[in-house]
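# Report on the structure
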Amino acid sequence: MTRQGVSLTMWTLRTIAAVALAALLPSANAHGAETKTISAVEVQSDGGMTRIVLRGAKDAIYTAFMREDPPRLILELPDVAFEGVNTPISVKNGLVEDVTLGAFGDAKSGHGMARVSIALAQASDYEVKPAGDEIVVEVRASGVAAGNEPVPSQPGPPEVAP
């Protein structure tokens, strides 16, 4: 094959690859940018625990982390929007002060982020439990187990009578 034939073949292969890649990208972006909607937020207090239930965002991906000064738990949910939910939600039960919902970016274009900010009245532990079209956030005072019993600060050897 001549040098000109090799150049023409390489140019053809590159062109075909570029066209195929361009055809695949919009469909991949459309599938990955599906916006989920949270349509209800419910707050339940039960003894030493507060449960925040986010409804409607089936299989949503989230990141949860704590912030200090002021103390709060943050959940960030990419490609999620809030619809018909009032904010802030006042709780003031001695553990949680309020729940504030916010968003930044543009969720409709696949570049948005929903944020749930849970203002805490005291140091707290949390657990996030995704379940179908709900995300349940359980908040407890630090050092309190699921059964509302204090958690020992440090396990040690059993006490021995002298």
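Conventions used here
- Residues numbered from 1 in each chain as written.
- Predicted model: local features only at pLDDT ≥ 70, side-chain atom pairs only at ≥ 80, totals over all residues.
- Heavy atoms only, no water.
- Helix = DSSP H or I, 4+ residues; strand = E, 2+ residues; numbered from the N terminus.
- Buried < 20%, exposed > 50% of the residue type's maximum accessible area, 1.4 Å probe, protein only.
- Areas by Shrake-Rupley, 256 points an atom, 1.4 Å probe, with all protein chains shown as cover.
- Contact = heavy atoms within 4.5 Å.
- Pairing = 2+ DSSP bridges.
- Axes fitted to C-alpha atoms, helices over the stretch in contact; angles between N-to-C directions.
- Core = buried A, V, L, I, M, F, W, Y, C linked by side-chain atoms within 4.5 Å.
- Salt bridge = Lys/Arg side-chain N within 4 Å of Asp/Glu carboxyl O.

This part takes up the overall build of the chain. Broken down by element type, the chain carries one helix and eleven strands. Reading the helices (α) and strands (β) of the chain from amino to carboxyl end gives α-β-β-β-β-β-β-β-β-β-β-β. Every one of the 162 residues in the chain was classed for burial, and the buried ones make up 25%. Surface accessibility of the chain: about 10,500 Å² in total, with carbon and sulfur atoms responsible for 57%.

Structurally, the position occupied by S117 is in strand 9 (residues 111–120). When neighbours within four sequence positions are excluded, S117 is seen to be in contact with R72, L73, I74, D98, V99 and T100.

All right, on to the environment of D98 then. Mapping D98 onto the fold places it in strand 8 (residues 96–106). On the accessibility criterion, D98 (22% relative accessible area) is partly exposed. D98 sits 23 residues away from A121 along the chain, and the two C-alpha atoms are 9.1 Å apart.

This part covers the sheet that holds strand 11 (residues 134–141). The strand order across the open sheet formed by four strands is 2-3-11-10, and the pairing between neighbours is antiparallel. Two strands bound the open sheet, and with one partner strand each, they are strand 2 (40–46) and strand 10 (124–131). Taking each pair of neighbouring strands and ignoring which way they run, the sheet shows an average axis angle of 15 degrees. Note: strand 2 against strand 3 (residues 49–55), seven bridges, orientation antiparallel. The residue of strand 3 that forms the bridge with D46 is M49.

Right, let's talk about the pairing of strand 10 for a bit. With eight bridges connecting them, strand 10 and strand 11 associate as antiparallel partners. Following the sheet pairing, V128 is matched in strand 11 by V137. Adjacent in sequence and paired antiparallel, strand 10 and strand 11 are bridged by two residues, among which G132 carries a positive phi angle near 65 degrees.

To continue, consider the nonpolar core. Residues L75, V99, I118 and V137 are the most contacted members of the largest nonpolar core, which totals 26 residues. Of all the secondary-structure elements, those providing two or more residues to this core are strand 3, strand 5 (72–78), strand 8, strand 9 and strand 11. For V99, the contacting residues outside a window of four places in its chain are V43, I52, T87, P88, I89, V91, V116, S117 and I118.

We now examine the pattern of salt bridges. Close approach of charged atoms lets side chains of opposite charge pair. By the definition in use, this model includes seven salt bridges. The partner of R55 in a salt bridge is E42, and the shortest N-O contact between them spans 2.7 Å. Here E42 lies in strand 2 and R55 lies in strand 3, a separation of 13 residues in the sequence. Exposure remark for E42: the relative accessible area of 31% places this residue in the partly exposed category.

These values are about where atoms sit, not about what they do.
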